[in-house]
Structures are given as structure tokens and as C-alpha cells.
Amino acid sequence: MIAGLVLFIASGALAQKNMAAKKLRRDFDFLVAELRAKHQGLYQYLPRTEVDRRLDSLRQSIGDNLSRMDFYRIVLQVVELTNEGHTEARLPPRTKLRLGWSKTFFPLALSHHDGKWIITQNFGAERPTLQKGQELLRLNGQSVDSLARSFFPYLASDGFNQTSKYEWVGSLNFALFYRLVYGPVDQFRLTVRAMDGPQTFTVELDPVRFTAYKKKNAKFPPRYFEYTRFTRRILNDSIAYLSVPSFGGRAQTFADYYRMAFSEIDSLGIQHLIIDIQDNGGGTEGNENLLFSYLTDQAIRKYRRVTMRQAPYLDNKDDNSFQLDRWEWRDSLAYRGEFTTSSAYLSDIGHQAPDPALRYHGKVYVLISGTTFSGGAEFASLLRMSGRGIFIGEETGGTYEGNVSGYSETIKLPHSKIRVDIPTVHFQIDVQPQRPGRGVFPDHYVPQTAADYREGTNAKLEYTLELIQGRRR
């Protein structure tokens, strides 16, 4: 979701042009009306009175002399009230063309690790004392964690989830959110913890242009982890590791990958299977169901129901895909065909059920994190609701009970020209969560620490291996 933020932040005359309050209020009212008509998440987790109170407060904050950027911040706060990480707001294309005019952006990329913010890249001037993997403590006098949390009201996540927000404000998004929320600064003063001890030091960095965020300007070598790539490894005669970092892409690619992996697992008599989805942000519906179908002989009821409001249903009811999924209008909502609610539903992307002989019946360990979102989180929910896996890591970014995603409609606010992508399909997983609005929680909490990052260690995998070998309880 948040990867697209790099396209939204702007500076320069166009972004700062003030607009009449009455026009912006019309945009605000149009946005709220569209969300009420199309989005099923707006009142899902908070009482209607509370949501409407916050909306009214935001509307009252629209006064004269607001720039497009000021109003964009208000729009982001409205989007955050949807409690749905698939909802996005984007500045106009012309504004995006002005990206990088001002030399005002923070030059570092950061990553969050167990309460610490780690420097992962420098796109500015080289500083010998500044190294990849050091902990950034303070920025211009404020703690980095408090800065990161101040960005949260501008960032929608599923329900009340925060693990995803910590993940999404990392990387270069930290720099972009800083520019969005705090405006331009002349210099950045950093307090950094030294790599080899408790000592700290300060360093000053000049801002950079947005266009400086390029590979050729990076001062540190990149670092890759195997869970960010499709990986399958036989670790020993009883343990296999399977990384599935995405469910997006060609259906046949997934079908082949799963078939080859489980053919090898079956031939070797593997007893412990580790499935790594800690970097899986979702993708095409059906790919997660196909993977689940290799882990059980029984189809289960995945969704309690899949629904859509009247406005988007009327807009799309004649589309071929709608007809294939047998959408029907009843009881003030459109319902997707009952056959699609089963885990055996492999969508319309051409999947075939796996060979029963390749289904795996051994122990399953699932590695999860705040980046486990959308279809990745749905796969975690399938395993949790069926009792099929032991979970290691951190709370998933997607909620246990499902999400609002699927077909998305883009609206353009008439005066500010800001575009908002509104997901319209409510996928309600057939569970009764004890903590609504939260993700799948791990059975064993294992974050990736700063030391793990520096050493290139997949901490969740290492912990799981110790668990299998009896060195963890």
C-alpha cells in the first residue's frame, strides 16, 4: 500500500498554491459521501458517532489559505478513518511532476527493528562516521520513534493494527512523511548510536532533492534477505523451507512453484515445513488458496460472506468478472456467489486442485510480520482458523477477520484534483476474533532485532529451527 507514497509528496509553487475554503469543503463532502456509498470499512471498527465526530472536526479545520498540500493532509486523515490499508489518496499528476524542485528531503532510509530505528541507506553527502545498521535515536531534537508515530494519523491500516504502520513508515517513506508533516528544513541534526557500544555521536546532514533517491546515489551496499525472494531449501532430512514473498503475478508461475516444492517435500519425507510469508503483502486472489490446498485434505469455509454496496455493484454488475463470480443483489447488499466462500475456490485464474498425493500432512511453521498483509494475511488466517500451523514472528499487518479490497474505484475530487482509490469488496473471513481489528498473533513472538539486520539473519527462521530441535519451548 504505502510503497506508492513516493509518488504523492511534492514541493514547489504548484503544491503550495492556496485554494478557497468553500471549494475544499465541497471536495471534502464529496469524498465522505463517496466513502459512505462505496466503502464498507468506514464504520466497521468504531461507532458511527465517533467516526462522524472526527469527520466533522476535520471539516471544521478547513479554512482559507490552505494549500493543496495542507488539504492533502486532511484527506489522508479521512482515509485513515476507513481502517483499511487498501485505501489510498494521491496528489494530481501535475503536482507529481514538480517533485524534487526543493532541496528539502531527509537523505536517509530507515528500518524499524524491535523498537529501534536502523539506518539502511544514505542518499546524501557521505559521512565517514555514518554507517549502515547504526541506530538513529533523535532527529532535529525529537526521538525518531515519536516522529514515526506522528505519521500514523496519515496512514491507513487494517483495523487498529500498528505493526504494518511501523513497517510502512520505514524505508524512504520516513523521509517523505517527514517532509509531508513537518515541511522543509535547512539541515538535519542526527543523534546516532555507535555500532560497537552505547556511545552516541551527532552528525549534521544537508537535505537532498527528491530526485536524489536513486541507486547511483546510494552510499551503502544493498542488503537482501531470502524471505524477500521465492526460495525453497531442504535444510536437512526432515526440515524444508519455503519462502512465498508475494501472491501477485502469473497464476501458472505459482502453480509450478508449489508443485515442484511439494513434489520434492513428498519425495524426501519431510516432517517439518517452514513457510515464510513475513514479506508477503498479498496479490491475486486464489494463489493463497492454492497454497493452503497443499496443506489439507479438506476444504473449509473461508469467508462468512463477500459483499459490496449498491453504488459499486451497479457500476460493475454487467462486467464479465462479476457475472463469473455470480454477484447478486439482496438485503441491501450485493453478495458474491456462495461457491466463492470456500478455500477450494481458486478464482478464475486457471488453477487446478493439487494432486492429492502431494498434499503435506506434517508439521507447518508460519513466519509472519507486520508486512504480512492482504492475501498474505488471509493465508495466515486460513492456517490459524484451521489449526494447521504454528506461528512465529510478529502480528500480521492484515486483520484476522479479513479486509476491504478487491475491486477498487478511483474518484477525483473536483477542485483539488486529489485522487482516492476506494476498495469496494468486503471479504469477511469466517471467524469470531477475540480482538477485532487486529491481525493473526504469533504463538512465539520473534522480532528481527537490529543485530539480526546487521548480521543478515532471518531471526524468525533461526528461532523456528531451534524450536524444532527442542532448544526452544
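Nothing here was measured: the structure is a model prediction, and the numbers come from that model. (Residues numbered from 1 in each chain as written. Predicted model: local features only at pLDDT ≥ 70, side-chain atom pairs only at ≥ 80, totals over all residues. Heavy atoms only, no water.)

A. Broad picture of the pattern of salt bridges. Tallying each qualifying case throughout the model produces 25 salt bridges. Across the salt bridge formed by R59 and D29, the nearest N and O atoms sit 2.7 Å from each other. Linking R59 in helix 3 (residues 48–60) with D29 in helix 2 (residues 21–38), this pair joins segments that are 30 residues apart in sequence. Here R59 falls in the partly exposed class, since its relative accessible area comes to 26%. A residue is classified by how much of its surface remains accessible, and D29, at 34% relative accessible area, is partly exposed. Among the charged side chains, a salt-bridge network with shared partners connects R301, E328, R330, E338 and D430. (Salt bridge = Lys/Arg side-chain N within 4 Å of Asp/Glu carboxyl O. Helix = DSSP H or I, 4+ residues; strand = E, 2+ residues; numbered from the N terminus. Buried < 20%, exposed > 50% of the residue type's maximum accessible area, 1.4 Å probe, protein only.)

B. Representation of the packing of aromatic side chains within the structure. Inspection of the entire model under this criterion finds 31 aromatic pairs. Measuring from centroid to centroid gives 5.5 Å for F339 and Y345, while their planes differ by 85°, and the two rings are edge-to-face. Its relative accessible area of 7% is what places Y345 among the buried residues. Each member of the aromatic cluster is reached from another via a ring pair, and the members are F106, W117, F151, F152, Y166, F174, F177, Y178, Y182 and F188. A cation over an aromatic ring shows up here: R229 above the ring of Y224, its NZ or CZ 4.7 Å from the ring centre. (Phe/Tyr/Trp six-rings, centres within 6.5 Å; stacked < 30°, edge-to-face > 60°. Lys NZ or Arg CZ within 6 Å of the ring centre and 35° of its normal.)

C. Structural context of the sheet that holds strand 10 (residues 231–234). Read across the sheet, 6 strands follow the order 10-11-12-16-17-20 without closing on themselves; strand pairing throughout is mixed. If you trace the sheet from one side to the other, it starts and ends with strand 10 and strand 20 (444–445), each paired once. Here strand 17 (residues 390–393) pairs with strand 20 via 2 bridges, running parallel. Among the inter-strand pairings, G393 is bridged to a residue of strand 20, identified as Y445. The strands touched by helix 15 (residues 459–468) are strand 10, strand 11 (239–243), strand 12 (272–276), strand 16 (363–368), strand 17 and strand 20; relative to strand 16, the strand with the most contacts, the crossing angle is about 155°. (Pairing = 2+ DSSP bridges. Contact = heavy atoms within 4.5 Å. Axes fitted to C-alpha atoms, helices over the stretch in contact; angles between N-to-C directions.)

D. Seen up close, the side chain of T120. Note that T120 resides in strand 5 (residues 116–122). The class for T120 is buried, based on a relative accessible area of 12%.

E. Inspection of the environment of K116 at higher detail. Locating K116 in the fold gives a position in strand 5. Given the relative accessible area of 37%, K116 is considered partly exposed. When the C-alpha positions of K116 and E394 are compared, they lie 15 Å apart, and in sequence the two are 278 residues distant.

F. Representation of the environment of R229 within the structure. Assignment of secondary structure puts R229 in the loop between strand 9 (200–205) and strand 10. Considering only alpha carbons, one finds R229 and I277, 48 residues apart in sequence, at a separation of 10 Å. In this structure, R229 is in contact with Y224, S243 and P245, ignoring residues within four places of it in sequence.

G. Summary view of unusual backbone geometry. The phi torsion at D114 lies on the positive side, around 50°, for a residue other than glycine. By secondary structure assignment, the location of D114 is in the loop between strand 4 (108–113) and strand 5. Even without a glycine there, the phi angle at R326 is positive, about 55°. Assignment of secondary structure puts R326 in the loop between helix 12 (320–324) and strand 14 (328–330).

H. Quick peek at helix 8 (residues 173–182). Burial of helix 8 is extensive: 8 of the 10 residues sit out of reach of the surface. Here helix 8 has its buried residues at N173, F174, A175, L176, F177, Y178, R179 and L180. Buried-residue contacts for helix 8 involve helix 4 (68–80), strand 4, strand 6 (135–139), helix 6 (144–151), helix 7 (163–168) and strand 8 (188–193). Of the residues one or two after helix 8, G183 is the one with positive phi, at around 80°.

I. Molecular detail of the side chain of T399. The residue T399 is located in the loop between strand 17 and strand 18 (402–412) in this model. According to the relative accessible area criterion, T399 is buried, its value standing at 3%.

J. A look at the nonpolar core. If you look at the biggest cluster of nonpolar residues, it comprises 72 residues, and the most contacted ones within it are F106 and L190. When residues of this core are assigned to their parent elements, the largest contribution, 8 residues, is made by helix 4. Discounting chain neighbours no more than four positions away, the residues touching F106 are L136, L139, F174, A175, F188, L190, V208 and Y213. Counting 44 residues, the second-largest nonpolar core is a separate cluster that includes F254, L290, M308 and F322. (Core = buried A, V, L, I, M, F, W, Y, C linked by side-chain atoms within 4.5 Å.)

K. Up close: helix 3. Across its 13 residues, helix 3 extends 18 Å between first and last C-alpha, which sits within 8% of the 18 Å expected from 1.5 Å per residue. Along helix 3, the positions that sit buried rather than exposed are V51, L55 and L58. The arc enclosing the buried residues of helix 3, seen along the axis, measures out at 60°, which places them on a common side. When the buried face of helix 3 is taken as reference, the exposed residues oriented beyond 90 degrees from it are T49 and Q60. (Expected span 1.5 Å × (residues − 1). Arc of directions from axis to C-beta.)

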